[in-house]
Number of protein chains: 2
Amino acid sequence: MTQRDASVEIIQRQLTAFARRARATAARIHPELSLVSYTLLAHLDDQQGCRATDLAAHYLLDKSTVSRQIAALEKLGFVERRVDPEDHRVQVLHPTPAGAAVLSNAMTSRRQAFHERLADWDAADLDRFASYLLRYNAAQELKG
Amino acid sequence: MTQRDASVEIIQRQLTAFARRARATAARIHPELSLVSYTLLAHLDDQQGCRATDLAAHYLLDKSTVSRQIAALEKLGFVERRVDPEDHRVQVLHPTPAGAAVLSNAMTSRRQAFHERLADWDAADLDRFASYLLRYNAAQELKG
DNA sequence: AGATGTAGTTGTATAGTACAACGTGAATTG
DNA sequence: CAATTCACGTTGTACTATACAACTACATCT
């Protein structure tokens with residue numbers, strides 16, 4: 001086994017370990033929003049509103065899944081729908097003020113948790129780590 | 001926002017994006033084993049057998065969850081149980097030859113997928129990326 | 001106007017998970 | 001040593017996330 005193989009093996013294991021823990025971690029950090037709800041809401045916030053179909057496409061989820069997740073978020077009062085006057089089939093989804101508020105809290109908690117975990121890293125390492133992850137995920141997205 | 005904040009933000013987003021995709025990726029790479037089954041089986045293989053309780057503790061899963069996962073793996077013929085002669089409550093779990101075989105295939109597929117994704121990285125970057133992930137996850141585990 | 005396509009919902013099924021209650025065997029202790 | 005307590009695992013139950021298929025409603029194109 002080459003050094004290269006060893007590195008890839010470690011990367012694989014560590015990313016997998018992280019993924020396994022992610023949902024549980026999300027539940028701990030922000031119990032009011034699951035990892036998926038959080039993600040969808042964050043996307044709406046980020047994009048200043050978008051359609052259910054867009055969410056489905058972006059996150060490779062079935063539209064029924066998105067429909068139900070959004071229904072749940074709406075029931076919680078975190079998302080509102082605006083029918084597109086141009087095309088009545090379309091609902092443009094937006095976070096409500098309440099939704100924006102919980103999202104902001106969740107983001108703060110997450111950010112804080114990450115900051116704590118990374119507290120003893122120096123700036124250069126953080127920067128490189130960030131760029132490696134970007135590079136890794138970017139390669140990923142090209143392949144679907 | 002400092003440079004440091006920006007890096008942490010990127011790390012957070014990218015790790016989250018990875019986690020979101022992980023199950024789907026696992027399903028694509030090795031359809032016969034879910035991410036969890038794969039993980040449990042790999043642990044058994046790695047540890048040369050262990051108890052259900054150990055798996056639950058290690059992966060922060062409820063013992064009932066492990067029990068059912070193991071039951072499913074046993075039904076598929078991938079795991080066998082050996083009652084501990086010292087303590088009849090204990091079942092030491094081992095991969096069967098068939099289990100070791102699918103695991104080995106799955107590991108090969110995963111490894112190959114990772115190698116492909118990381119093909120254009122040079123050795124130094126791979127090495128640093130691996131060490132960053134190790135460092136990140138190690139900090140994680142101390143906190144439970 | 002009719003055919004085809006797109007956005008979203010709902011019915012149904014499955015996997016993964018947790019918690020609580022339980023059975024069984026081991027260990028401890030009065 | 002008998003009784004209690006503890007540890008390991010299973011089973012009942014419930015919930016969430018998810019997919020696929022069938023459907024409704026609207027839009028677009030010919």
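Every value quoted in this text rests on a predicted model; they were computed, and no experiment measured them.

Participant: How would you summarise the relation of the copies chain A and chain B if you had to cite specific residues and measurements?
Facilitator: For the pair of chain copies, the relating operation is a rotation around an axis with a shift along it. Superposing chain A onto chain B requires a rotation of 180 degrees together with a translation of 0.0 Å along the rotation axis, leaving an RMSD of 0.1 Å. Classification of the inter-copy transformation places it as that of a two-fold axis. Within chain A, the C-alpha atom positioned nearest to the axis of rotation is that of A:A19, 2.1 Å from it. Interface overlap between copies is the fraction of interface residues in one copy that are interface residues in the other; for chain A against chain B it reaches 100%, indicating a shared surface.

Participant: Could you give me a rundown of helix 2 (residues 35–47) of chain B, with the residues and numbers involved?
Facilitator: Residue and element names in this part refer to chain B. For helix 2, with 13 residues, the first-to-last C-alpha span of 18 Å sits near the 18 Å given by 1.5 Å per residue. By the burial criterion, the buried members of helix 2 are L35, V36, S37, Y38, T39, L40, L41, H43 and L44. With its phi angle positive at about 60 degrees, Q48 sits one or two positions after the end of helix 2.

Participant: I'd love a proper account of the protein's contact with DNA strand C, names of residues and values included.
Facilitator: Residues and elements named next belong to chain A. Surveying the vicinity of DNA strand C reveals 24 residues, the closest of which are T53, K63, S67, R68 and R81. A share of 55% of the atoms of DNA strand C within 4 Å of the protein falls on sugar and phosphate groups. Split by residue class, the surface near DNA strand C holds five nonpolar, nine polar and ten charged.

Participant: Which residues make up helix 5 (residues 97–117) of chain B, and what values go with them?
Facilitator: Residue pairs three or four apart in sequence face the same way in an α-helix, which turns once every 3.6 residues. All names here are of chain B. Between its terminal C-alpha atoms helix 5 stretches 30 Å, which fits the 30 Å expected from 21 residues at 1.5 Å a residue. Burial in helix 5 covers these residues: G99, V102, L103, A106, M107, R110, A113, F114 and R117. Looking straight down helix 5, one finds that the buried residues subtend no more than 140 degrees of arc, so they occupy a single side.

Participant: Outline the sheet that holds strand 1 (residues 50–51) of chain B, supporting the account with residue identities and numerical values.
Facilitator: Residues and elements named next belong to chain B. Taken in spatial order, the three strands make up an open sheet running 1-3-2, and their pairing is antiparallel. Here the strands that pair on one side only, and so sit at the sheet edges, are strand 1 and strand 2 (79–83). Pairing analysis gives five bridges linking strand 2 to strand 3 (residues 91–95), with the strands arranged antiparallel. Its bridge partner lying in strand 3, E80 is registered against H94. Each of strand 1, strand 2 and strand 3 is contacted by helix 2, which is oriented at about 100 degrees to strand 3, the strand it contacts most.

Participant: So what about the nonpolar core? Which residues, and what values?
Facilitator: Taken as a class, soluble globular proteins show a tendency for nonpolar side chains to be buried jointly. Formed by 34 residues in total, the largest nonpolar core has its most connected members in A:F129 and B:F129. Other than its neighbours up to four places away in sequence, B:F129 contacts A:I11, A:F129, A:Y132, A:L133, A:Y136 and B:W121.

Participant: Report on the protein's contact with DNA strand D, specifying residues and quantitative values.
Facilitator: Close to DNA strand D lie 23 residues, the nearest being B:R51, B:T53, B:K63, B:S67 and B:R68. Take the atoms of DNA strand D that sit within 4 Å of the protein: sugar and phosphate atoms are 58% of them. Within the backbone of A:D62, an N or O atom sits 2.8 Å from a phosphate oxygen of DNA strand D. B:R81 places a side-chain nitrogen or oxygen 2.7 Å from a phosphate oxygen of DNA strand D. When residues of the surface near DNA strand D are traced back to their parent elements, those giving at least two are helix 4 (63–75) of chain A together with helix 3 (52–59) and helix 4 (63–75) of chain B. Tallied by class, the residues present in the surface near DNA strand D amount to four nonpolar, nine polar and ten charged.

Participant: Run through the pattern of salt bridges, naming residues and quoting values.
Facilitator: Within this structure, the stated rule accounts for 18 salt bridges over all chains. A:R51 is the salt-bridge partner of A:D54, the closest N and O atoms lying 2.8 Å from each other. Here B:R135 ties to A:D125 by a salt bridge, and the two come within 3.5 Å at their closest N and O atoms. Residue B:R135 is found in helix 6 (residues 123–143), and its partner A:D125 is found in helix 6 (residues 123–143); the two belong to separate chains. With relative accessibility at 31%, the residue B:R135 sits in the partly exposed group. Judged by its relative accessible area of 15%, A:D125 is buried. The structure contains a network of salt bridges with shared partners spanning A:D120, A:D125, A:R128 and B:R135.

Calculation rules
- The residue numbering used here restarts from 1 in each chain and proceeds along that chain's sequence as written.
- Chains carry letters and ligands carry numbers; both start at the beginning, A for chains and 1 for ligands, and go up in the order they are written.
- In keeping with the model being predicted, local features are shown solely for residues with a pLDDT of at least 70 and side-chain atom pairs are shown and tallied solely at 80 or more, while totals for entire chains, interfaces and linings include all residues.
- Note that the side-chain values use all heavy atoms of the structure and ignore hydrogens as well as water.
- Residues below a pLDDT of 70 in either copy are left out; the C-alpha atoms of the rest, at least 70 in both, set the least-squares superposition of the copies.
- Contacts are residue-level and defined by heavy atoms, with any inter-residue pair within 4.5 Å sufficient.
- To qualify as a helix, a DSSP run of H or I must reach at least 4 residues; to qualify as a strand, a run of E must reach at least 2; elements of each kind are numbered from the N terminus.
- Here a helix's expected span is defined as the number of its residues, less one, multiplied by 1.5 Å.
- The buried label applies to any residue whose accessible area, calculated with a 1.4 Å probe on protein chains only, is under 20% of its type's maximum; exposed applies above 50%, and partly exposed to all values in between.
- If even one non-hydrogen atom of a residue comes within 4 Å of a molecule or strand, that residue is called near it.
- Residue polarity is assigned by list, with Asp, Glu, Lys and Arg as charged and Ala, Val, Leu, Ile, Met, Phe, Trp, Tyr, Cys and Pro as nonpolar; anything else, Gly included, falls into the polar class.
- Picture the helix axis, draw a direction to every C-beta atom, and the arc is the one those directions span.
- Two strands are counted as paired when DSSP detects at least two bridges linking them.
- Axes here refer to lines fitted to C-alpha atoms; in helices the fit is confined to the stretch in contact. Angles between the N-to-C directions go from 0 to 180 degrees.
- Think of a nonpolar core as a cluster: buried Ala, Val, Leu, Ile, Met, Phe, Trp, Tyr and Cys residues, connected wherever their side-chain atoms sit within 4.5 Å.
- We call two N or O atoms a polar contact when they sit within 3.5 Å, provided that within protein one can donate a hydrogen and the other can accept it, with sequence-adjacent residues counted only if both atoms are side-chain atoms.
- For this analysis, a salt bridge means a side-chain nitrogen from Lys or Arg found within 4 Å of a carboxyl oxygen belonging to Asp or Glu.

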